[in-house]
Each structure stands twice: as C-alpha cells, then as structure tokens.
Amino acid sequence: MSCTKIEAVDIFDFVIKKANGIKGLVDTGLENVPKQCIQPKDQRLDKNQLHIDNQESIPTIDLSNWDDVNVVKSIQEAASKWGFFQIINHGIPIEVLENLKEAGHRFFELPAEEKIKYYKENAGPDESVLLFWSAIGEKDEKVLEWRDSIKHGCNPGDDSNLWPPQTREQVLEYEKWAIPLAKKLLEILLKGLNVNENIDETLEPLLMGTMAININYYPPCPNPSLTIGCRRHCDVSCITILLQDDTGGLFVQGTKDNNWIHVTPVKGALAVNIGDSLQIMSNDRYKSVEHCAAVDSSKARISIPLFVNPRLDTVIGPFPQVLETDGEKPVYKQLLFSDYWEYFFSKRPSGKASLDFAKI
C-alpha cells in the first residue's frame, strides 16, 4: 500500500491502531515525510544550534575504579554542570549490550500482525503490560514523532512472560547488570548531597521504586530535518541510563546560547542523565537537562533507556541533609510523586516547565 493510499484512509489508523508503526509507514516506500509527521518549527533541530564537533562536549567517565575519589568527584560534577555524562568500563559485558540492540531490531522488524499482539490498547488494564506503541506528542495533538517503542516493566509483579519472545531474555539479562549499576551511581550522587547512606529498604522506594526498560526504534526518514525522533524533553526519573547504537542522533541542551550538543556514540558506553525527581531531591544541586533524538536518512537507530523512578506513592522533596548545609532554603515543596508524574505526563513535552509545579 502506498503512502498516498494510506493518507486517503487515515495515517493515524494505519500507524497506531493497526500497529504498523512508523516502521510500517517507511516500508510502504514513501519518498516524503507525511504532513502528520512534520513537526512545528520550534520542535525541529535548528542546524545553526547543532554542535557535533565543537568546544562543548559531554564528559565521558571511566568507572574502572569506583573507589577512586576522582571518579566519584567526576560523576557528581557532571551531574551538577551538565546533568548528562557517558560511562565506560562500567562492568556490563559488551555482548549483553549488543544482544539487547539486536533484540530490538528483531522485534520491530516483525510484521504488524505479530506486533499488534503487544499493542497497548490490546494489552488489558495493567500498565505493566502496556508494551508496544508508536510515538505521538500530546494527547490532543496530531503530529507523530518518528519513533516506535516497546516498554518492559521491571518491578515486582511485572510478568516478563508477557514480553515478546524476541526481547524477553535479552532484557532480563541486561536488567540483572543495569539495575545494580544504577544503584551504585545513585549512591555516589547521594554522597554529593551529604546523604551518606546505602540504598536499602528505606531509600529504595524513593529512588528506585518504579523502573522500566524501553526499546526505541527510529526508522530511516526521507527528510530528517522536518521531523524528530523524540522531542526535546526532560525525564521524570531520578536517573536514566541509556544504551544507544552507533548511528548517532542524541542531542543534549548545552550550557551556552541554546546550543544542542551531540552525544557521540562510544562503543560499549552508556549515557546517564539526571531526571526531574533527583533535581528536586537535590534542591537544584543536580541538573535535569533537556535532550532530544534526531533521525537518520539511511539507517534505523535503536536507543534503550532504563528509567529509574520513585515509587508512585512516595513523597519527593529536597533531602534534609541538603538543606542543613549553610541553612539552604528549599526550592521545592514535598509532594506525592504520583501527583508530579500525572502533571509531568499531562504537559509533556514541556522541557523544564514541569519543575515549576513542584516549586514552593
């Protein structure tokens, strides 16, 4: 079916309801970006603001020696200045990372009649099995992002048997390595806030109470300048750990003049970013940063974030240990994370504006 014939019916029905996804749209042989995928100009990446080989770059931190005071300091400083950094020698075997990326390709290259089994509206009322979807902006909006995604909930009670066989074993194996890594990173970040505690039964619900591993698939696009794989946004998480392939396309808000800095793929590396929840808990010591994903004209791109969030029923706000330093005033109120979560996703993508909801 050609793209012209699809538009005559309903491109949203074809992409979303029939679970063809953006991948299925590309497979029709389209030569132009459909109007339903053309982003408003303020959501596109302006070439004049893109910096791929310039003076600003996201730090890359070698984790070979976790106990090295310089490693600890580098993590804390990167979280404060950039809110984003890459890590190498983090301990996760390269084959675990490669197998996971290959699993993502296998799932998204399935025919629509297979993927539709995991489409979120067919999955039932339990959010842990809201799996496959094609990205769209805000609920009442009619512009598609150039991305298909699948979610794997990583929490007690989430049933991995409901996950597709193409990704199940690879996600479970990655989860075994990535969640302890997230815990180590968070404990280092906490120490930078004078919270000198291990993440145990008390802190775990607050920092790691809800987790999910998503696999994002960005098909090739005939005119990448007109669309976006993922709009500029911050994450609601405490931290996000991201595995990306070698295609490139991840951009982070720079520190100067609204510039966007390319996060250059490094083989075996993982990107880490601070989310809104940890910015709130740190009373702005750590920075939740806007980022976005561009698409490529010739290659499909895979990115795989692990979102590490508070549990929905926990209360988030600045740590007392942060406020005890020099009598610092709280920037944020204490609020139920479920309230912040609901507000955040009702407004997304809103950049950093959601943080205003949490301010005193």
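Cut-offs and rules
- Residues numbered from 1 in each chain as written.
- Predicted model: local features only at pLDDT ≥ 70, side-chain atom pairs only at ≥ 80, totals over all residues.
- Heavy atoms only, no water.
- UniProt positions renumbered as here; feature names shortened; annotations may be inferred.
- Helix = DSSP H or I, 4+ residues; strand = E, 2+ residues; numbered from the N terminus.
- Buried < 20%, exposed > 50% of the residue type's maximum accessible area, 1.4 Å probe, protein only.
- Contact = heavy atoms within 4.5 Å.
- Areas by Shrake-Rupley, 256 points an atom, 1.4 Å probe, with all protein chains shown as cover.
- Salt bridge = Lys/Arg side-chain N within 4 Å of Asp/Glu carboxyl O.
- Axes fitted to C-alpha atoms, helices over the stretch in contact; angles between N-to-C directions.
- Parallel < 35°, antiparallel > 145°, perpendicular 65-115°, else oblique.
- Nonpolar A, V, L, I, M, F, W, Y, C, P; charged D, E, K, R; others polar.
- Arc of directions from axis to C-beta.
- Polar contact = N/O pair within 3.5 Å; in protein donor to acceptor, adjacent residues only side chain to side chain.
- 1 Å grid on protein atoms, 1.4 Å probe; cavity = no way out; pocket = protein on both sides within 12 Å on 5 of 7 lines; lining within 4 Å.
- Points joined across faces, edges and corners; volume = space filled by probe spheres on them.
- Core = buried A, V, L, I, M, F, W, Y, C linked by side-chain atoms within 4.5 Å.
- Patch = residues over 30% accessible without salt bridge, like charges linked within 9 Å, V, L, I, M, F, W, Y side chains within 5 Å.
- Lys, Arg positive; Asp, Glu negative; His and termini not counted.
- Charge placed at Lys NZ, Arg CZ, Asp CG, Glu CD.
- Phe/Tyr/Trp six-rings, centres within 6.5 Å; stacked < 30°, edge-to-face > 60°.
- Expected span 1.5 Å × (residues − 1).

Looking at an unreviewed UniProt entry, one finds the protein named feruloyl-CoA 6-hydroxylase, with Nicotiana tabacum as its source organism. In its Sequence similarities (unreviewed entry) section, the UniProt record describing the protein reads: "Belongs to the iron/ascorbate-dependent oxidoreductase family." For the protein, the Pathway (unreviewed entry) comment in UniProt is given as "Phenylpropanoid metabolism."

1. Describing the overall build of the protein
Scanning the protein from terminus to terminus reveals twelve helices and 15 strands. The burial tally for the protein puts 56% of its 360 residues in the buried class. Put simply, 78% of the contacts in the protein that link residues at least 6 apart link residues at least 24 apart. Surface summary for the protein: the accessible area is close to 15,700 Å², and the carbon and sulfur share equals 49%.

2. Some remarks on the pattern of salt bridges
Within this structure, the stated rule accounts for twelve salt bridges. Between arginine 147 and glutamate 145 there is a salt bridge, with its nearest N and O atoms 3.1 Å apart. For glutamate 145, a relative accessible area of 1% corresponds to the buried category. For the salt bridge of lysine 176 with glutamate 173, the shortest nitrogen-to-oxygen distance reads 3.0 Å. Placement of both lysine 176 and glutamate 173 in helix α7 (residues 168-191) is noted, with a separation of three residues, approximately one turn of the helix. Residues joined by salt bridges that share partners form a network here, namely Glu98, Lys101 and Lys267.

3. Some details on the packing of helix α4 (residues 69-81) against α7
At a minimum axis separation of 9 Å, α4 and α7 run at an interaxial angle of 80°. When the axis of α4 is compared with that of α7, the two are roughly perpendicular. Here Val72, Ile75, Gln76 and Ala79 of α4 come into contact with α7, specifically with Leu185, Ile188, Leu189 and Lys191. Here the residues of the contact of α4 with α7 are counted per class, giving six nonpolar, one polar and one charged.

4. Regarding helix α11 (residues 337-347)
Looking only at α11, the buried set comprises Phe337, Tyr340 and Phe344. Looking down the long axis of α11, one finds its buried residues gathered within 60° of arc, a one-sided arrangement. Residues of α11 that are buried in the fold lie against α9 (276-281), β13 (301-309), β14 (315-316), β15 (335-336) and α12 (355-358).

5. Looking at the side chain of threonine 227
When you line up the elements, threonine 227 lands in the loop between β6 (210-218) and β7 (230-233). Only 3.0 Å separates the side chain of threonine 227 from the backbone oxygen of cysteine 37, close enough to count as a polar contact. If we skip the residues at most four places from it in the chain, threonine 227 touches Cys37, Gln39, Leu144, Trp146, Cys221 and Val295.

6. Topic: the layout of surface pockets
Its boundaries defined by the atoms lining it, the second largest pocket holds a volume of some 230 Å³. Lining the second largest pocket are Cys154, Asn155, Pro156, Ile179, Lys183, Glu201, Glu204, Pro205, Met208, Gly209, Met211 and Arg311. Going through the elements one at a time, α7 and α8 (204-208) are the ones with two or more residues in the lining of the second largest pocket. By residue number, the principal contributor to the lining of the second largest pocket is α8, which donates three residues. Here the residues of the lining of the second largest pocket are counted per class, giving six nonpolar, two polar and four charged.

7. A word on the nonpolar core
Counting 90 residues, the largest nonpolar core has Tyr174, Leu207, Ile239, Ile241 and Phe319 as the members making the most contacts within it. Here this core takes eleven residues from α7, the largest share from any one element. Once you skip the residues sitting within four places of it in the chain, isoleucine 239 turns out to touch Ala182, Leu185, Leu186, Leu189, Asn273, Ile274, Gly275, Leu278, Leu306, Phe307 and Val308. The next biggest cluster of nonpolar side chains, apart from the first, holds ten residues, and it includes Ile58, Leu242, Ala271 and Val289.

8. Comments concerning a negative patch on the surface
On the surface, Glu197, Asp200, Glu201 and Glu204 cluster together to form a negatively charged patch. Tracing the chain through its elements places glutamate 197 in the loop between α7 and α8.

9. Re the packing of aromatic side chains
Centre distance and the angle of the planes are the two values used to describe a pair of aromatic rings. Summed over all chains, the structure comprises nine aromatic pairs. Ring centres of phenylalanine 108 and tyrosine 217 lie 5.3 Å apart, and the angle between their planes is 20°; on these two criteria the pair is classed as stacked. On the criterion of sequence distance, the pair formed by phenylalanine 108 in helix α5 (residues 94-108) and tyrosine 217 in strand β6 is long-range, its members being 109 residues apart. Here phenylalanine 108 and tyrosine 217 have matching classes, each one buried. With centroids separated by 4.2 Å and ring planes inclined at 10°, the aromatic side chains of tyrosine 343 and phenylalanine 357 adopt a geometry described as stacked. Here phenylalanine 357 lies in helix α12 and tyrosine 343 lies in helix α11, a separation of 14 residues in the sequence. Under the relative-accessibility criterion, phenylalanine 357 is labelled partly exposed at 29%.

10. Considerations on α5
If you check α5, its first and last C-alpha atoms are 22 Å apart, about what 15 residues at 1.5 Å a residue would give, namely 21 Å. What α5 keeps buried is the set Val96, Leu97, Leu100, Lys101, Ala103, Gly104, Phe107 and Phe108. Across the axial projection of α5, the buried residues extend over an arc of 155°, all falling on one side.

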